[in-house]
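Below, each chain spelled out in residue letters.
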Amino acid sequence: MSELRKDPVTGRWVIISTERRKRPTDFLLESVQIAPDASCPFCEGHEQMTPRELLALGRGGSGPDAPGWTLRVVPNQFPVLRVEGTLDRQAEGLFDKMNGIGAHEVIIESPRHGDTLSTLGAEAVEQVFWAARERVQDLKRDRRFRSIIIFKNHGTAAGASLDHSHSQLIALPIVPREVRDEVDGARGHYETKERCVFCDILRQETADGRRLIAENADMVAVAPYAPRFPFETWILPRRHQALYEDAPRHEYAALARLLGDILRRMNKALRMPPYNLLIHSAPLGEPAGEYYHWHVEIIPKLTKVAGFEWATGFYLNPTAPEEAAEVLRDVRA
């Protein structure tokens, strides 16, 4: 029989549809294939095809926007929000609007077209996390911004428009609803229990073990109790910290090692799936230090959201997280 499960953070319900039970071989998988592209603007040697860089790592004595880098951050050429302008909010009766102030940046994760986060070494992946941290630290100085979202779309089915491995940052003048629901849920748990809900999840999952996938000294990867999607995976730091950008350097290194391990397991079990990677961090300027806990979510694109989900807000997941965790644990990465 199917189960309804409630997410302990947001209160969101999901249906684990065991009657539609699916193992990895049952999904209609769309493997990510990186095609050569001589005109890719993110490849080394094509620096003039992007906006002027905001940050570069690995380059020696050469000037900006030149070869020799190991990672670059540039403004998105087609931003959803722009830095220029004054934040202006207006209300028209029931309707509320503001102008599109924000920032939209791209982290080009490697100079080589065929690299991915699963094939890059741990030090290179750590650079990606460190670069994101540096850009957040810079952007949060702008008092117009209330939230900074860090995410990665891997593969066309996950929303990537270019094959070359990259992540994105978007700074927003508001706190998005998904972030607000998570932060408010964490606050509510703290007000009742006087403990962080994510720390409680870590304690329960590491003691139980059924949904534990992998761990190291600083990070733990679990299949969440109420996953929206099959093989959804969370990576949480063991140490309580609300803001991603305030983590010590060794935690980025630990995250890089564990993320590479998880992605390689997914590639073997799920045949190189497209995925979205999301870094969840507390909103800017909010006193969330006691109750929020930054973390990473990895969502392979194995199913589609359809009418029932849109109508109800309930997600249908055909794979129990206990089974997904077992599959990933058993993979030799």
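Residues numbered from 1 in each chain as written. Predicted model: local features only at pLDDT ≥ 70, side-chain atom pairs only at ≥ 80, totals over all residues. Heavy atoms only, no water.

S.K.: Tell me what's going on with the nonpolar core, and back it up with residues and numbers.
M.R.: Core analysis: the biggest nonpolar cluster contains 56 residues, and F129, I235, L259, I262 and I298 have the highest contact counts within it. Sequence-distant contacts of I298, defined by excluding residues within four places in its chain, comprise F231, E232, T233, I235, L259, I262, L263, M266, Y275, N276 and L277. Formed by 22 residues, the second largest nonpolar core is a distinct cluster that contains F198, I201, L212 and A242. (Core = buried A, V, L, I, M, F, W, Y, C linked by side-chain atoms within 4.5 Å. Buried < 20%, exposed > 50% of the residue type's maximum accessible area, 1.4 Å probe, protein only. Contact = heavy atoms within 4.5 Å.)

S.K.: Explain the packing of aromatic side chains to me, and be specific about the residues and the numbers.
M.R.: As enumerated under the stated definition, the model contains seven aromatic pairs in all. Summarising the aromatic geometry, the rings of Y190 and Y291 are spaced 6.4 Å apart at their centres and angled 45 degrees between planes, so their arrangement reads as tilted. Within this pair, whereas Y190 is found in helix α2 (residues 177-193), its partner Y291 is found in the loop between β13 (275-280) and β14 (295-300), the two being separated by 101 residues in sequence. Y190 gets classed as partly exposed once you look at its relative accessible area, which sits at 23%. (Phe/Tyr/Trp six-rings, centres within 6.5 Å; stacked < 30°, edge-to-face > 60°. Helix = DSSP H or I, 4+ residues; strand = E, 2+ residues; numbered from the N terminus.)

S.K.: So what about helix α6 (residues 321-330)? Which residues, and what values?
M.R.: Within α6, seven of the 10 residues are buried, which leaves it mostly tucked inside the rest of the structure. Those residues of α6 hidden inside the fold are in contact with β1 (3-6), β2 (13-16), β10 (212-215), β12 (233-237) and α4 (249-270).

S.K.: Give a detailed account of the pattern of salt bridges, specifying residues and quantitative values.
M.R.: If you walk through the whole model with that rule in mind, you get 33 salt bridges. Among the ionic pairs, D65 bridges to R72, the shortest N-O distance being 2.7 Å. Of the two residues examined, D65 and R72, each falls in the buried class. Between E215 and R238 there is a salt bridge, with its nearest N and O atoms 2.5 Å apart. You can see E215 sitting in strand β10 and its partner R238 sitting in the loop between β12 and α4, a full 23 residues away along the chain. For R238, a relative accessible area of 35% puts it in the partly exposed group. (Salt bridge = Lys/Arg side-chain N within 4 Å of Asp/Glu carboxyl O.)

S.K.: An account of the sheet that holds strand β4 (residues 71-75) is needed here, citing residue identities and associated values.
M.R.: One open sheet holds the 10 strands; their spatial order is β3-β4-β7-β9-β8-β13-β14-β12-β11-β10, and the pairing between them is antiparallel. Edge strands, defined here as strands with exactly one partner in the open sheet, are β3 (55-57) and β10. Pairwise comparison of adjacent strand axes, ignoring direction, gives a mean angle of 20 degrees for this sheet. Here β3 pairs with β4 via three bridges, running antiparallel. Directly across from L55, in β4, lies its bridge partner V73. Sheet strands in contact with α6 are β10 and β12, and its direction is about 40 degrees off that of β10. (Pairing = 2+ DSSP bridges. Axes fitted to C-alpha atoms, helices over the stretch in contact; angles between N-to-C directions.)

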